[in-house]
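Single-letter residue listing:
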Amino acid sequence: MKFVVSSTALFSHLQAVSRVINSKNTLPILDCFLFNLEDGTLTITVSDSETTMVTSLEVNESDTNGKFAVVAKTLLDALKEIPEQPISFEVSDTLEINITYLNGKYSLMGQNADEFPQSASLGESAVRIEIDAQILLNSINRTIFATADDELRPVMNGIYFDISTEDITMVASDGHKLVRYKTTMSHGNERAAFILPKKPANLLKSLLPKEQNVVIIEFDERNAVFVLNNYRMVCRLIEGRYPNYNSVIPQNNPNKVTINRQVLIGALRRVSIFSSQSSSLIKLRFQENEVIISA
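First things first, this report covers the structure right here in the doc.

Calculation notes
- Residues numbered from 1 in each chain as written.
- Predicted model: local features only at pLDDT ≥ 70, side-chain atom pairs only at ≥ 80, totals over all residues.
- Heavy atoms only, no water.
- Pairing = 2+ DSSP bridges.
- Helix = DSSP H or I, 4+ residues; strand = E, 2+ residues; numbered from the N terminus.
- Axes fitted to C-alpha atoms, helices over the stretch in contact; angles between N-to-C directions.
- Contact = heavy atoms within 4.5 Å.
- Parallel < 35°, antiparallel > 145°, perpendicular 65-115°, else oblique.
- Left-handed = near helix turned anticlockwise from the far one by under 90°.

## Side note on the sheet that holds strand E10 (residues 127–132)
Strand order in the open sheet formed by 8 strands is E6-E2-E3-E4-E17-E16-E15-E10, with antiparallel pairing between adjacent strands. Whereas interior strands pair on both sides, the edge strands pair on one side only; in this sheet they are strand E6 (66–71) and E10. The average angle at which neighbouring strand axes cross in this sheet is 20 degrees, direction not considered. Pairing analysis gives 4 bridges linking strand E15 (residues 214–219) to strand E16 (residues 223–227), with the strands arranged antiparallel.

## So, the environment of Leu 95
Its location among the elements puts Leu 95 in the loop between strand E7 (86–91) and strand E8 (96–101). Once the C-alpha coordinates of Leu 95 and Val 20 are considered, the two residues, 75 residues apart in sequence, prove to be 24 Å apart. Once residues lying within four places of it in the same chain are set aside, the contact partners of Leu 95 are Phe 68, Leu 108, Met 109, Gly 110, Gln 111 and Asn 112.

## Comments concerning the side chain of Thr 51
The residue Thr 51 is located in strand E4 (residues 51–58) in this model. Among all residues touching Thr 51, those that are not within four sequence positions of it are Val 20, Val 46, Pro 200, Leu 203, Met 233, Val 234 and Cys 235.

## Some thoughts on the packing of helix H1 (residues 7–17) against helix H2 (residues 72–80)
Here H1 crosses H2 at 140 degrees, and the two axes come no closer than 10 Å. The angle between H1 and H2 places the two elements in the oblique class. At the point where H1 passes H2, the crossing takes the left-handed sense. Touching Leu 10, Phe 11, Leu 14 and Gln 15 of H1 are Leu 75, Leu 76, Leu 79 and Lys 80, all from H2.

These figures come from the coordinates and say nothing about function on their own.
Structure (structure tokens):
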């Protein structure tokens, strides 16, 4: 099996999906990239057993179809040092991989691709929605910081997507702060909801800035699939019932203040230097037409 591919194109795809791989895996095969060459298209898969990401790119030339696995860190570190040029992969029947470039050659051993775990599939009751990539990116950026790290309440460790026929609401809370982000630019065909874990949310956060089109999301009770232009991510969802976030938000609050955002941020930064390092508490006293901030 032999194929030729652009070094920088391959490296950028590998680098994007490599964030899925854990530093410590129970299965050695999960430290690898799975390469699958079929009809001139190279598909690369990575997994940590709960989240699987797939990307594909066209190769310059190839002879036969085939697949193999190779240790991710070794390949990434090797390709990082190669400037833009076509590089040739030649894989023998014994899974010996020879990578040839303009003025050098790498030889390394591959692994059996059949050991790589299959990604989860969705059930027949899967719900499908479409959302603009930049709206999804904004919703993740504005909510992920409020998620918790609570082993006793795992539902709080992700972003809650509350989908209705009129809008989509994203919610995150750690028990101290709560963020609700609502968009009417996208909606579902029925009432549905899921909780996206923090790791796949961070993976999407790194991929979405380069996306221009809509993102297709399909999900059932256990898994969700996110389809982007060049990437496809399957992840296990957090199972459980999310708390009623609307009941936490005060209604008809008599105290309302409108303040310049940048002026407030500047004042908070100056005063927070003097707050307690353990609690970071500051005091806000509201008077007529002024706010006194102290620590």
